[in-house]
Amino acid sequence: MLAELQNSIGNDVLMGLAQAAGAIALCAAVVALCGWQSVHVEREAAVSMSRGLVQMVLVGLVLALLLHGSLLIGSLILFMMTIAAAITAARRLKGMAGALPLCFWSIGAGAGTIIAVMLATRSLRPDISMLVPVGSMIIANAMNACAQAIERFRAEILAHVGQIEAGLSLGAEPSVTVAPYLQSAVYASLLPRLDMMKSLGLVWIPGVMAGMVVSGASPVYAAIYQFTVVAMILAASGITGLAATVLMRSRAFSAAAQLALRPTETPALNRASGPAH
Amino acid sequence: MRSFVSARLSAASVTATHVSLGTPIDNEPPEATAALETVHLSRKVGERAVVHDVSIRVSAGEILAVVGPSGAGKSSFLRLLNRLDEPTSGTVLLKSRDFRSIAPRQLRRRIGMVMQTAYLFPDTVAANIAFGPRQRGEILAPARIELLLERVGLPGFADRHISNLSGGEAQRVALARTLANEPEVLLLDEPTSALDEASVRGIEDLILGIVEERRMTCVIVTHNRAQAIRLAGRTTVMEAGRLVAMGPTREVLHVG
């Protein structure tokens, strides 16, 4: 493993450092040009460029180590990514008790299921160099779907408290009273992924395909594989959006079928509520 | 037993003289068996008591008005009756049965509620009226829907989309939608506050007629003293979450 690592820090790294030196020189020229116009960013530019270079070299070293690690390490990386994604998505539900586990399980359900299916169907090689980049794309999109779904669902509930309570007052199940809002939230979370699928190859060529072509894969195979990945992203987003809204729906009502998620009383989901009967 | 005369307090005078009406005996309804009863009903939100120790009894066929200034807790009190909110202490008895022993969905079918805004579902009038029965697997026949619409003064409206209704018509549909569940108790939360005077009188006549013919128990929240006088045999006055007066409407509201 160390020998492979040393190889990767060979000629390519030297070439990269030379390219970085050229970029630094160009930036220095621009900074000098700014100074000529009395825009003094010399110190800031020097600090930023130094920090940027050191940080990226460190990231590169870590990746070089990880990319030669085992499948277990790859799974751990994806697990940590899922936690980070859940923390990010849960920020959209500020003040709601249990937002973090809700997001974690939703993203985990969507991304985990799809990554497992891809591994089982050999759409994804159990190789860390493929698992981590493709898995991270799926997790990142599941995170966005989760955040969009819960944000929309909450906004819809808060905007339709009257209709929901009118339904409850007529003896409807809580799930019936919020069904239209759950549907629109899941749809809203899928829309960006559907648009992404529509524009595939026309407006953008995703990074995985570009990387495969650069590393010598058949462009046609790379294109088909990219479609597969985007389709899997769509599927993961769908599962995540559904899981997030269904979990949130169960928290939006008390055991006695009272709407707990209301704008007037905070913290909304921590209100006293009674047993069903 | 405290007589009604002793509870003759206007909204202004009761501010200074709070009357303890914490026990049902103070509010004896015309009939011995109350269809709806609250026992020391309270709800706190944080440290604030939005409803505090309210005990009332309402009998079948009776209309009870709940009046008081804005923020007095009238609507909060009404929401406790069909358990849209949970009391922090006390309880509600429906025909002497604690409402916590009745499944919430069944309870809300038996205690129907019409809100200040109609909150119709974006569909036809017929679909709105059929909504309640459909929740328990019953299909409301078109003839029955038409009968309900005729009763609320909207014959031939079944196929109309709710977006084509006026405020008064929407409120009538909301009333018909609640009546389709055949409730024993009807809760009305300022049902005419958003309507013009002509529509107000129409809805009031409708409420009086329906309560009489179905012998329903009705609790109406209103800020309109004249409406309380027109509709309710008895009236309670609420202030700061407390029940401060109760008795025959004309006496409580000092109508000569």
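Computed from a prediction, not measured in an experiment: that's the story for all the values here.

Quick notes on the rules
- Residues numbered from 1 in each chain as written.
- Chains lettered and ligands numbered in written order.
- Predicted model: local features only at pLDDT ≥ 70, side-chain atom pairs only at ≥ 80, totals over all residues.
- Helix = DSSP H or I, 4+ residues; strand = E, 2+ residues; numbered from the N terminus.
- Rg over C-alpha atoms; globule rule 2.2 N^0.38 Å.
- Buried ≥ 20, exposed ≤ 12 C-beta atoms within 10 Å, placed from the backbone.
- Contact = placed C-beta atoms within 7 Å.
- Axes fitted to C-alpha atoms, helices over the stretch in contact; angles between N-to-C directions.
- Parallel < 35°, antiparallel > 145°, perpendicular 65-115°, else oblique.
- Left-handed = near helix turned anticlockwise from the far one by under 90°.
- Nonpolar A, V, L, I, M, F, W, Y, C, P; charged D, E, K, R; others polar.
- pLDDT = per-residue confidence, 0-100.
- Expected span 1.5 Å × (residues − 1).
- Arc of directions from axis to C-beta.
- Core = buried A, V, L, I, M, F, W, Y, C linked by C-beta atoms within 7 Å.
- Domains from an automatic or database assignment.
- Pairing = 2+ DSSP bridges.

1. Observations concerning the overall build of chain A
Phase 1: Scanning chain A from N- to C-terminus turns up 11 helices and 0 strands.
Phase 2: Computed over the C-alpha atoms, the radius of gyration of chain A is 24 Å, more than 25% above the 19 Å expected from 2.2 N^0.38 for a compact globule of 277 residues.
Phase 3: Based on the C-alpha atoms only, the size of chain A along its principal axes is roughly 75 × 55 × 40 Å.
Phase 4: Burial statistics for chain A: of 277 residues in total, 33% are counted as buried.
Phase 5: Long-range contacts, defined here as pairs at least 24 residues apart, represent 69% of the contacts in chain A between residues at least 6 apart.

2. Some details on the overall build of chain B
Phase 1: What chain B contains, in helices and strands, is 8 helices and 10 strands.
Phase 2: A total of 256 residues make up chain B; the buried ones form 49% of that total.
Phase 3: Here the analysis covers contacts within chain B between residues at least 6 apart in sequence; of these, 70% occur between residues at least 24 apart.

3. Brief notes about the environment of Ser184(A)
Residues and elements named next belong to chain A.
Phase 1: Within the element layout of this structure, Ser184 appears in helix 9 (residues 179–198).
Phase 2: Judged by C-beta crowding, with 16 C-beta atoms within 10 Å, Ser184 ranks as partly exposed.
Phase 3: In the structure, Ser184 is positioned 27 residues away from Ile157 in sequence and 11 Å away in space, judged by C-alpha atoms.
Phase 4: Residues contacting Ser184, with those up to four places away along its chain left out, are Arg152 and Glu156.

4. Description of the packing of helix 2 (residues 11–36) of chain A against helix 3 (residues 42–66) of chain A
The geometry of a pair of packed helices is captured by two quantities: the angle between their axes and the separation between those axes.
Residue and element names in this part refer to chain A.
Phase 1: Contact pair helix 2 / helix 3: the axes reach a minimum separation of 10 Å and the direction vectors enclose 165 degrees. In terms of axis orientation, helix 2 runs roughly antiparallel to helix 3. As for the relative orientation of helix 2 and helix 3, their crossing is right-handed in sense. Contact residues: helix 2 offers Ala20, Ile24, Cys27, Val31 and Gly35, while helix 3 offers Glu42, Ala45, Met49 and Leu53.
Phase 2: In terms of residue class, the contact of helix 2 with helix 3 is built from 7 nonpolar, 1 polar and 1 charged.

5. Points about the packing of helix 3 (residues 125–134) of chain B against helix 5 (residues 167–179) of chain B
All names here are of chain B.
Phase 1: Where helix 3 meets helix 5, the closest approach of the two axes is 7 Å, and the angle between their N-to-C directions is 35 degrees. Read as a crossing pair, helix 3 and helix 5 show a hand that is right-handed. When helix 3 is examined against helix 5, the residues Val125, Asn128, Ile129, Phe131 and Gly132 are found in contact with a partner set consisting of Val173, Ala176 and Arg177.
Phase 2: Split by residue class, the contact of helix 3 with helix 5 holds 5 nonpolar, 2 polar and 1 charged.

6. Section: the confidence of the model for chain B
Atom-level detail of predicted coordinates should not be read off regions where pLDDT is low.
Residues and elements named next belong to chain B.
Phase 1: Mean pLDDT for chain B: 86, with 87% of residues reaching 70 or above.
Phase 2: Summarising per-element confidence for chain B, the mean pLDDT is lowest in helix 6 (residues 197–214) (87) and highest in helix 3 (97).
Phase 3: Counting interchain partners and residues more than four positions distant, the pLDDT-below-50 stretch residues 1–27 has 53 contacts.

7. Brief notes about the interface of chain B and chain A
Phase 1: Contact residues are listed per partner, giving 26 residues for chain B and 21 residues for chain A.
Phase 2: Of all the secondary structure elements, the ones that give two or more residues to the side of chain B that touches chain A are helix 2 (104–110) and helix 3 of chain B.
Phase 3: Split into classes, the residues belonging to the side of chain B that touches chain A amount to 10 nonpolar, 7 polar and 9 charged.

8. Examining unusual backbone geometry
All names here are of chain B.
Phase 1: One non-glycine residue, His40, adopts positive backbone phi at about 50 degrees.
Phase 2: When you line up the elements, His40 lands in strand 1 (residues 36–45).
Phase 3: Even without a glycine there, the phi angle at Lys95 is positive, about 50 degrees.
Phase 4: Its location among the elements puts Lys95 in the loop between strand 4 (89–94) and strand 5 (97–98).

9. What about helix 6 of chain B?
Residue and element names in this part refer to chain B.
Phase 1: Compared with an ideal rise of 1.5 Å per residue, which puts 18 residues at 26 Å, helix 6 spans 26 Å between its outermost C-alpha atoms and is within 8% of the ideal.
Phase 2: Among the residues of helix 6, those classed as buried are Val200, Ile203, Ile207 and Val211. One side of helix 6 holds all its buried residues, which, seen down the axis, span an arc of 70 degrees. The exposed residues of helix 6 that point more than 90 degrees off its buried face are Ala198, Gly209, Glu212 and Glu213.

10. What about the nonpolar core?
Residue and element names in this part refer to chain A.
Phase 1: One finds Ile107, Ile138, Ala142 and Cys146 to be the most contacted residues of the largest nonpolar core, which totals 132 residues.
Phase 2: When residues in this core are grouped by element, the largest group, 15 residues, is from helix 6 (residues 128–159).
Phase 3: Residues in contact with Cys146, not counting those within four places in the same chain, are Ala89, Cys103, Ser106, Ile107, Thr240 and Ala244.

11. Describing the domain arrangement of chain A
Phase 1: Looking at the assigned domains, one finds that chain A contains domain 1 (1–68) and domain 2 (70–270).
Phase 2: Domain 1 of chain A and domain 2 of chain A are separated by 35 Å when their C-alpha centres are compared.

12. Quick word on the pairing of strand 8 (residues 217–221) of chain B
Residue and element names in this part refer to chain B.
Phase 1: Counting buried residues along strand 8, 5 of its 5 residues qualify, which places the element largely inside the surrounding structure.
Phase 2: Side-chain alternation along strand 8 places Thr217, Val219 and Val221 on one buried face and Cys218 and Ile220 on a second face that is also buried.
Phase 3: Relative to strand 8, strand 7 (residues 185–189) is paired through 5 bridges, and the arrangement is parallel. Among the inter-strand pairings, Val185 is bridged to a residue of strand 8, identified as Thr217.

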